[in-house]
Amino acid sequence: SDLHAFLQALPKCEHHMHLEGALTPSVLFQLAAKNKIQLPSDDPAFTSPSTLAERYNQFTSLDDFLHYYYIGMSVLMDASDFEALAWDYFTHASADGVVHAEVFFDPQAHLSRDVSYDVVLAGFMAARSRANSEFGISSELICCFLRHLPAADGLATFKLDAVHASFSSGQVVGIGLDSSESPFPPELFKDIYDAAKASGLKRTAHAGEEGPAAYIKGALDDLDVSRIDHGIRLAEDPALVKRVAEQQILLSVCPISNVLLRCVSSVAELPIRMFLDQGVRFSINSDDPAYFGNNYLLANYCAVQDAFGLSKDEWSGICEAGINGSWCSEQRKEEML
Ligand code: ADE
Ligand code: ZN
């Protein structure tokens, strides 16, 4: 779009990006070979990086994507793999003009393969430190729990010594909830969120992506979150729209993800104009860029611009709301504003 240079130069924060979603098909095949991981032989998508990328263009739903997402991450074994994954993301983020990134990771999906939490964390911490010194990108880590697994599994993970240490040291700033949304309502995970609140952790949850607006309400009422990831189905509940605006809840919207996972048929269908008119705060995000056509953050900004033709002032306001809704220090916010 004609605002491309303007959008690139805006100081952008990203709040909804799964580091495991930065695994490109070519890195996936390289790491599978290095780590001697057998990829599925009964799915022709795994013939080569290009056949896999082609399959990624044809996701039919969130669960269809998640099937490939969990196979993909099975190639991640040692700390250098996790570091390379996060570094790949940060190089794209830097090129796109990202100044601050709050990124998700899914420890249960690694613990279940006997990859320790400390291995995952060490790789991510190394990449974050390098991104800060080489690119000036600040970042925070958000530990996500998988809603397709029993809540007891999530709570046991939350209570692991290594997990607790990452919270109390500030290496991990908060928690999230992701994976298959329906039929796993937020209230199932109340115990984890109560424990997180008691520990002073920030809290967010995926809600209203494929699931109903009632899941957004449930995340606010039962999990006491200060952000909602996706939240696009908020539009179905006008009273809830008012509440989200009043409580200054930030929605982390992922436009290209929503189209490719068939939550909406086009970016123009997203309630962006309604959010702006009703004072609902939101940021724009890439979700799982390596699975969604290598569309990193700037491509998502441009897709929104192409669909809605926002003014420069509206874009500056969106980025300002993103800075204010970030979970970094007040000092870092001042630097970015
Ligand atoms: N895990 C990675 N990306 C996700 C998404 N968009 N929704 C739910 N879980 C996810
Ligand atoms: Zn997500």
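Reference entry: report on the structure contained in this document.

About the thresholds
Residues numbered from 1 in each chain as written. Chains lettered and ligands numbered in written order. Predicted model: local features only at pLDDT ≥ 70, side-chain atom pairs only at ≥ 80, totals over all residues. Heavy atoms only, no water. Helix = DSSP H or I, 4+ residues; strand = E, 2+ residues; numbered from the N terminus. Rg over C-alpha atoms; globule rule 2.2 N^0.38 Å. Buried < 20%, exposed > 50% of the residue type's maximum accessible area, 1.4 Å probe, protein only. Contact = heavy atoms within 4.5 Å. Areas by Shrake-Rupley, 256 points an atom, 1.4 Å probe, with all protein chains shown as cover. Lys, Arg positive; Asp, Glu negative; His and termini not counted. Charge placed at Lys NZ, Arg CZ, Asp CG, Glu CD. Core = buried A, V, L, I, M, F, W, Y, C linked by side-chain atoms within 4.5 Å. Near = heavy atom within 4 Å. Polar contact = N/O pair within 3.5 Å; in protein donor to acceptor, adjacent residues only side chain to side chain. 1 Å grid on protein atoms, 1.4 Å probe; cavity = no way out; pocket = protein on both sides within 12 Å on 5 of 7 lines; lining within 4 Å. Sits in = over half its atoms within 2 Å of the grid points. Expected span 1.5 Å × (residues − 1). Pairing = 2+ DSSP bridges. Axes fitted to C-alpha atoms, helices over the stretch in contact; angles between N-to-C directions.

Remarks on the overall build of the protein chain
Part 1 of the argument: Helices and strands together make up the secondary structure of the protein chain, namely 17 helices and eight strands.
Part 2 of the argument: A globule of 337 residues ought to have a C-alpha radius of gyration of about 20 Å, and the protein chain, at 19 Å, matches this closely.
Part 3 of the argument: With 337 residues in all, the protein chain has 56% of them scored as buried.
Part 4 of the argument: For the protein chain, the proportion of contacts with a sequence separation of at least 24, taken over those separated by at least 6, is 75%.
Part 5 of the argument: For the protein chain, the exposed area adds up to about 12,800 Å²; of that, 51% sits on carbon and sulfur atoms.
Part 6 of the argument: With 24 positive and 46 negative side-chain charges, the protein chain shows a spacing of 4 Å between the two charge centroids.

Details of the nonpolar core
Part 1 of the argument: Counting 106 residues, the largest nonpolar core has Y89 and W315 as the members making the most contacts within it.
Part 2 of the argument: Apart from residues lying up to four places away in sequence, Y89 is in contact with E14, M17, L19, A22, A101, V103 and Y296.

Quick look at the site of ligand 1
Part 1 of the argument: Lining the immediate environment of ligand 1, one finds H18, L62, F65, L66, Y69, D178, S179, H206, E209, H230, D287 and D288.
Part 2 of the argument: Residue H18 places a side-chain N or O atom 3.2 Å away from a nitrogen atom belonging to ligand 1.
Part 3 of the argument: In the model, a nitrogen atom of ligand 1 is placed 2.8 Å from a nitrogen or oxygen of the S179 main chain.
Part 4 of the argument: For ligand 1, whose unbound accessible area comes to 260 Å², protein coverage reaches 100%.
Part 5 of the argument: One can see that ligand 1 is located within the largest cavity.

Brief notes about helix α5 (residues 79-95)
Part 1 of the argument: A rise of 1.5 Å per residue sets the reference length of α5, with its 17 residues, at 24 Å; its end C-alpha atoms lie 24 Å apart and thus fit the reference within 8%.
Part 2 of the argument: Those residues of α5 that fall on the buried side of the exposure criterion are D81, F82, L85, A86, W87, D88, Y89, F90 and A93.
Part 3 of the argument: As for α5, its buried residues are in contact with β1 (12-14), α2 (25-35), β2 (98-105), α6 (107-111), α7 (117-135) and β3 (138-146).
Part 4 of the argument: After α5 finishes, the residue G97 shows a positive phi value of roughly 80 degrees.

Quick look at the sheet that holds strand β7 (residues 250-253)
Part 1 of the argument: Overall, parallel pairing links the eight strands, which are arranged β1-β2-β3-β4-β5-β6-β7-β8 in an open sheet. Sheet topology places β1 and β8 (281-284) at the edges, where each strand pairs with a single neighbour. Strand after strand, the sheet turns through a mean of 25 degrees between neighbouring axes, direction not considered.
Part 2 of the argument: As paired strands, β2 and β3 are joined by six bridges and run parallel to one another. Paired with V103 across the two strands is L141, which belongs to β3.

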